[in-house]
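# Chain and residue survey
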Protein chains: 2
Amino acid sequence: MDHVFTIGTIAACLTTAAFVPQVIKAHTSKETKDISLAMCVLLASGVMLWAIYGFFLHSLPIIGANTTTLALALYLIYLKKKYG
Amino acid sequence: MDHVFTIGTIAACLTTAAFVPQVIKAHTSKETKDISLAMCVLLASGVMLWAIYGFFLHSLPIIGANTTTLALALYLIYLKKKYG
């Protein structure tokens, strides 16, 4: 079961970390035209529900990973609103 | 526990569905300049591991949601490579 836990942990790190380069790119280039606002909003809503799900399950990794992604998605929405 | 299951299911649907409008936008506009390739690659790697995790856990929802996102992320990488 240890290997399965490791795979899940790496998976969680990768899918959370995925939005860091996107936020950095949007922040530095000030260009967000090609990014879908719907993607950002659906993603933010989804990870917020994942965090609530983790709260009910008392799962700190689920809460942690998803509140991090939520913060990144909300900042991406802010940048998208700012730069269009 | 039923409400928690419902929250998790809606969360899974939202985070999977999030990439549909992004793929549609990139496909129709043929513009992917502002999309981070690193995001696509990290996302694809992450959801592939999530699918493997789901396979070990015999969880069809985890496998289904993540292979769907994997297909969307791979197509986004293809579009990004094509349009730059």
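### What to know about the side chain of Ser 36 of chain B
With respect to the secondary-structure elements, Ser 36 of chain B resides in the loop between helix 2 (19–29) and helix 3 (37–56). There is a polar contact of 3.3 Å between the side chain of Ser 36 of chain B and the backbone nitrogen of Ala 38 of chain B. With residues up to four places along the chain from it excluded, the contact list for Ser 36 of chain B reads Pro 21, Gln 22 and Lys 25 of chain A.

### Let's talk about helix 1 (residues 2–17) of chain A
With 16 residues, helix 1 of chain A should reach 22 Å at 1.5 Å per residue; the first-to-last C-alpha distance of 22 Å fits that figure. Residues Val 4, Ile 7, Gly 8, Ala 11, Ala 12, Leu 14, Thr 15 and Thr 16 of chain A constitute the buried set of helix 1 of chain A. Turning to helix 1 of chain A, the residues buried within the fold contact helix 2 (19–29) and helix 4 (60–83) of chain A together with helix 3 of chain B.

### Points about the layout of surface pockets
When its volume is computed, the largest pocket comes out at roughly 1,200 Å³. Along the walls of the largest pocket sit 38 residues, with Trp 50, Ile 62 and Asn 66 of chain A together with Trp 50 and Ile 62 of chain B positioned nearest its centre. For the lining of the largest pocket, the class distribution of residues is 24 nonpolar, 14 polar and no charged.

### Comments concerning the relation of the copies chain B and chain A
Superposition of chain B onto chain A requires a rotation of 180° combined with a translation of 0.0 Å along the rotation axis, giving an RMSD of 0.0 Å. Such a combination of turn and shift is consistent with a two-fold rotation axis. Measuring from the rotation axis to each C-alpha of chain B, the shortest distance belongs to Asp 34 of chain B, at 2.7 Å. Interface residue correspondence from chain B to chain A reaches 100%, placing this contact among same-surface, isologous pairings.

### So, the environment of Phe 56 of chain B
Within the secondary structure, Phe 56 of chain B is located in helix 3. Residue Phe 56 of chain B is classed as partly exposed on the basis of its relative accessible area of 45%. Residues contacting Phe 56 of chain B, with those up to four places away along its chain left out, are Val 4 and Ile 7 of chain A.

### Topic: the pattern of salt bridges
Side-chain pairs of opposite charge can arise where the charged atoms are in close proximity. Under the criterion given, the structure shown has four salt bridges over all chains. Two residues, Lys 33 of chain B and Glu 31 of chain A, come together in a salt bridge whose shortest N-O distance is 3.8 Å. A residue pair is termed interchain when its members come from two chains, as with Lys 33 of chain B in the loop between helix 2 and helix 3 and Glu 31 of chain A in the loop between helix 2 and helix 3 (37–56). Owing to a relative accessible area of 35%, Glu 31 of chain A belongs among the partly exposed residues under this scheme.

### Some details on a nonpolar patch on the surface
Taken together, the side chains of Met 48, Ile 52, Phe 55, Phe 56 and Leu 57 of chain A present a nonpolar region at the surface, about 470 Å² in accessible area. Positionally, Phe 55 of chain A belongs in helix 3.

### With respect to the confidence of the model for chain A
Looking at chain A, the pLDDT average stands at 95 and 99% of residues meet or exceed 70. Mean pLDDT across the secondary structure elements of chain A bottoms out at helix 1 of chain A, with 92, and peaks at helix 2 of chain A, with 98.

### Details of helix 4 of chain A
Every α-helical turn comprises 3.6 residues, leaving residues that sit three or four positions apart pointing alike. For helix 4 of chain A, which comprises 24 residues, the first-to-last C-alpha distance of 34 Å matches the rise-based estimate of 34 Å (1.5 Å per residue) to within 8%. Residues of helix 4 of chain A that are buried: Ala 65, Asn 66, Thr 69, Leu 70, Leu 72, Ala 73, Leu 76, Ile 77, Leu 79 and Lys 80 of chain A. Buried-residue contacts for helix 4 of chain A involve helix 1, helix 2 and helix 3 of chain A together with helix 2 of chain B.

### A closer look at unusual backbone geometry
If a residue is not glycine, its phi is most likely negative; likewise, a peptide bond is most likely trans. All names here are of chain A. For His 58, which is not glycine, the phi torsion reads 55° and is therefore positive. Positionally, His 58 belongs in the loop between helix 3 and helix 4. For His 58, a relative accessible area of 72% puts it in the exposed group.

The rules behind each value
Residues numbered from 1 in each chain as written. Chains lettered and ligands numbered in written order. Predicted model: local features only at pLDDT ≥ 70, side-chain atom pairs only at ≥ 80, totals over all residues. Heavy atoms only, no water. Helix = DSSP H or I, 4+ residues; strand = E, 2+ residues; numbered from the N terminus. Polar contact = N/O pair within 3.5 Å; in protein donor to acceptor, adjacent residues only side chain to side chain. Contact = heavy atoms within 4.5 Å. Expected span 1.5 Å × (residues − 1). Buried < 20%, exposed > 50% of the residue type's maximum accessible area, 1.4 Å probe, protein only. 1 Å grid on protein atoms, 1.4 Å probe; cavity = no way out; pocket = protein on both sides within 12 Å on 5 of 7 lines; lining within 4 Å. Points joined across faces, edges and corners; volume = space filled by probe spheres on them. Nonpolar A, V, L, I, M, F, W, Y, C, P; charged D, E, K, R; others polar. Least-squares fit on C-alpha atoms with pLDDT ≥ 70 in both. Salt bridge = Lys/Arg side-chain N within 4 Å of Asp/Glu carboxyl O. Patch = residues over 30% accessible without salt bridge, like charges linked within 9 Å, V, L, I, M, F, W, Y side chains within 5 Å. Areas by Shrake-Rupley, 256 points an atom, 1.4 Å probe, with all protein chains shown as cover. pLDDT = per-residue confidence, 0-100.

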